[in-house]
Amino acid sequence: MDKIKILQERRGKVLAAGSETRNMIASLVDGESFVEVAGFSFSKNEFYGSGAEGEGVVAGFATIDGYPVYVVAQNAAVYGGGVSSANCAKILRCLQLAEKNSTPVIYLLNSLGVQIGEGVTVLEGLASVLAKASRLHGVVPQFAVIAGDVYGQSALFAAAADFTFFLKDGVLAANSPLVISAGSGKNLPKEKVGGAAALGRTNLVSFTEEDIAGVRAKIAKILDILPFTNAAVVENGADLNAAFPDLNKNCTADALIEGVFDADSYVEFGKSAPEVRCVLGRIGGISAAAIVFDSENGVALDDVNVAKINSFIEFAGYYDLPFISFADTLGLKTDLAVNDSLALKNVYKLMENFELLENAKISVVYKKAVGLGYTLFAAKSMGYDYVYAFADAKIALFDDVQGAEIEFAGEKADKKALAERYANENSDPINAAKNGYVDNIIEPQFVRQYLIASLQMLLK
């Protein structure tokens with residue numbers, strides 16, 4: 001018996017069953033760096049009466065730009081990527097190794113649900129891997145890639161991940177999109193149910209990418225920024241004394257992000273609540289996490305955008321990132337939907353997260369910090385180490401119109417004129433600075449310099 005020939009034949013069957021998945025892994029990781037675990041895992045499905053080479057999942061370790069990662073890839077070519085107890089055992093082994101070696105995990109998801117024929121046994125298997133994924137949250141970075149149709153409990157890997165990427169044909173749904181659509185009395189195509197554009201309130205869409213090369217580039221940049229996988233401070237040639245005079249003329253959110261962060265050293269993510277922009281990057285070579293509020297008249301808070309901020313602050317805390325708030329924020333949105341939502345609970349959770357965030361916290365009021373917006377994103381009592389305000393910022397108990405209606409209720413002047421008067425008399429940041437609540441009032445063009453100096457002082 002030629003054992004080598006038998007090995008080659010068996011290996012050929014395993015490779016053939018997962019060729020497309022392995023090609024995707026090869027495009028994701030550094031060349032020839034992928035080492036498979038449990039490569040010959042094999043079981044027989046009694047329902048289908050056939051074997052499942054590779055168990056419908058390819059797992060192993062590799063590097064991306066030299067950074068080590070573990071990869072778990074569901075293989076849709078085997079029973080539609082259907083989850084079985086055996087492939088759960090294979091995934092679990094990979095996650096155990098990731099935990100033991102403190103290494104990030106990447107899930108390439110493509111599954112129509114569980115394999116028929118195993119009953120409760122497969123649910124126990126799913127419980128084991130999902131429990132492990134949840135325990136890894138905040139311990140090692142986790143990335144999920146929606147590479148095809150991802151239905152049922154496999155969708156929970158996306159919820160456990162810190163970053164979720166949707167490829168152009170990716171669909172994520174807690175159940176079959178057909179069932180979800182019918183249950184809502186509609187007949188929608190699957191992408192209208194679980195495509196990236198359809199999941200705007202879920203906080204599950206970090207990035208949308210055309211192909212796996214785009215995913216690789218983003219993951220590599222994130223791993224380069226995180227102190228978990230790289231140094232908290234790097235020498236990247238950034239000019240520490242650069243000023244940006246254009247910010248004095250027109251300080252938009254886009255201009256602020258471009259002016260503050262080192263060139264080509266940051267990523268912005270999170271497709272839900274686009275008025276709250278989450279940016280991970282380096283400022284003067286120092287890793288930092290920042291939220292930038294982006295609105296013409298100040299961002300009103302609701303359950304969705306506060307939940308997005310909560311997730312980001314938790315992430316910053318887990319991985320020792322300084323946190324910066326660029327405030328242009330009002331209180332809670334005044335409508336019935338927000339009043340009857342999780343908004344207040346989410347705000348309370350946000351205050352808890354601020355309390356638990358032990359790294360540096362800096363606030364820059366670049367436009368407005370009004371009412372609850374000030375309390376959460378600029379108040380010294382919320383734990384901010386430094387608070388800066390731009391010269392034309394507004395810090396107040398009420399916004400201009402509402403404040404004027406209260407302050408000048410008996411006066412019969414033009415509402416616009418009264419609002420301007422209220423702003424001049426009550427919203428000038430000097431009022432907050434004279435009480436010690438604002439450390440410095442600065443020109444926008446110098447904000448990067450102030451931040452670098454503060455971060456250097458506060459770094460642990």
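Everything below is about the structure printed above this text.
Just so it is clear, the model here is predicted, and its values are computed rather than measured.

J.: Teacher, can you tell me more about a nonpolar patch on the surface here?
T.: A contiguous nonpolar patch, built from Val114, Val120 and Leu123 and spanning about 260 Å² of accessible area, is present on the exposed surface. Looking at the secondary structure, you find Val114 in the loop between strand E6 (105-111) and helix H4 (120-136).

J.: In this structure, what is going on with unusual backbone geometry? I would like to understand it.
T.: What you tend to see is this: most non-glycine residues have negative phi, and most peptide bonds are trans. In this structure, Ser102 is a non-glycine residue whose phi angle is positive, near 50°. The phi dihedral of Asn203 falls on the positive side, at around 60°, and the residue is not glycine. With respect to the element layout, Asn203 can be found in the loop between helix H7 (190-194) and strand E10 (207-209).

J.: Would you mind showing me how to read helix H2 (residues 19-28) here?
T.: In an α-helix, one full turn covers 3.6 residues, which means residues spaced three or four apart are oriented alike. Among all positions in H2, only Thr21, Arg22, Ile25 and Leu28 are buried. Axial view of H2: buried residues confined to an arc of 115°, hence all on one face. More than 90 degrees from the buried face of H2, the exposed residues found are Glu20, Asn23 and Ala26.

J.: How should I be thinking about the pattern of salt bridges in this particular structure?
T.: Two side chains that carry opposite charge are able to pair once their charged atoms sit near each other. Applying the stated criterion across every chain yields a total of 15 salt bridges. One salt bridge connects Glu209 with Lys218, and the closest N-O pair in it is separated by 2.9 Å. Relative accessible area serves as the criterion here: at 24%, Lys218 is assigned to the partly exposed category. For Arg277, the salt bridge identified is with Asp294, shortest N-O distance 3.0 Å. You can see Arg277 sitting in strand E12 (residues 276-283) and its partner Asp294 sitting in the loop between strand E13 (286-293) and strand E14 (299-301), a full 17 residues away along the chain. Residue Asp294 is classed as partly exposed on the basis of its relative accessible area, which comes to 31%. A single salt-bridge network, built from bridges that share partners, covers Asp254, Glu268, Arg277 and Asp294.

J.: Mind showing me how you'd approach the nonpolar core here?
T.: Most often, soluble globular proteins have nonpolar side chains that are buried together. Among the nonpolar cores identified, the biggest contains 91 residues, and Leu256, Leu280, Phe326, Phe377 and Val447 are the most heavily contacted of them. Here Leu280 is in contact with Phe163, Ile222, Ile225, Leu226, Ser265, Tyr266, Val267, Phe269, Ala288, Phe315 and Leu321, once residues within four sequence places are set aside. Counting residues in each nonpolar core, the second largest holds 35 residues, with Ala59, Ala98, Val129 and Ala133 among its members.

J.: What should I look at first to understand the environment of Gln115 in this one?
T.: Structurally, Gln115 is set in the loop between E6 and H4. Residues Gln115 and Ser85, spaced 30 residues apart in sequence, show a C-alpha to C-alpha distance of 9.0 Å.

J.: Help me understand H4 in this model?
T.: Helix length check: H4 (17 residues) gives 25 Å between terminal C-alpha atoms against 24 Å at 1.5 Å per residue, within 8%. Residues of H4 that are buried: Val122, Gly125, Leu126, Val129, Leu130, Lys132, Ala133 and Leu136. Projected down its long axis, H4 shows its buried positions confined to an angular sector of 155°, all on one face. Exposed and oriented more than 90 degrees from the buried face of H4 are Val120 and Glu124. Looking at the buried residues of H4, the elements they touch are helix H3 (85-100), E6, strand E7 (142-151) and helix H5 (155-160).

J.: Hey, could you run me through the pairing of strand E17 (residues 386-390) in this one?
T.: For a regular strand, the rule is simple: side chains alternate between the two faces of the sheet. Taking burial as the measure, the five residues of E17 include four buried ones, the bulk of the element. A crossover links strand E16 (residues 361-370) with its parallel partner E17, the connecting element being helix H14 (residues 372-377), and its sense is right-handed. Note that E17 and strand E19 (residues 440-442) share three bridges and pair parallel. What sits directly across from Tyr388, in E19, is Asn440.

Parameters and conventions
- Residues numbered from 1 in each chain as written.
- Predicted model: local features only at pLDDT ≥ 70, side-chain atom pairs only at ≥ 80, totals over all residues.
- Heavy atoms only, no water.
- Patch = residues over 30% accessible without salt bridge, like charges linked within 9 Å, V, L, I, M, F, W, Y side chains within 5 Å.
- Areas by Shrake-Rupley, 256 points an atom, 1.4 Å probe, with all protein chains shown as cover.
- Salt bridge = Lys/Arg side-chain N within 4 Å of Asp/Glu carboxyl O.
- Helix = DSSP H or I, 4+ residues; strand = E, 2+ residues; numbered from the N terminus.
- Buried < 20%, exposed > 50% of the residue type's maximum accessible area, 1.4 Å probe, protein only.
- Arc of directions from axis to C-beta.
- Core = buried A, V, L, I, M, F, W, Y, C linked by side-chain atoms within 4.5 Å.
- Contact = heavy atoms within 4.5 Å.
- Expected span 1.5 Å × (residues − 1).
- Right-handed = clockwise from strand over helix to strand, strands pointing away.
- Pairing = 2+ DSSP bridges.

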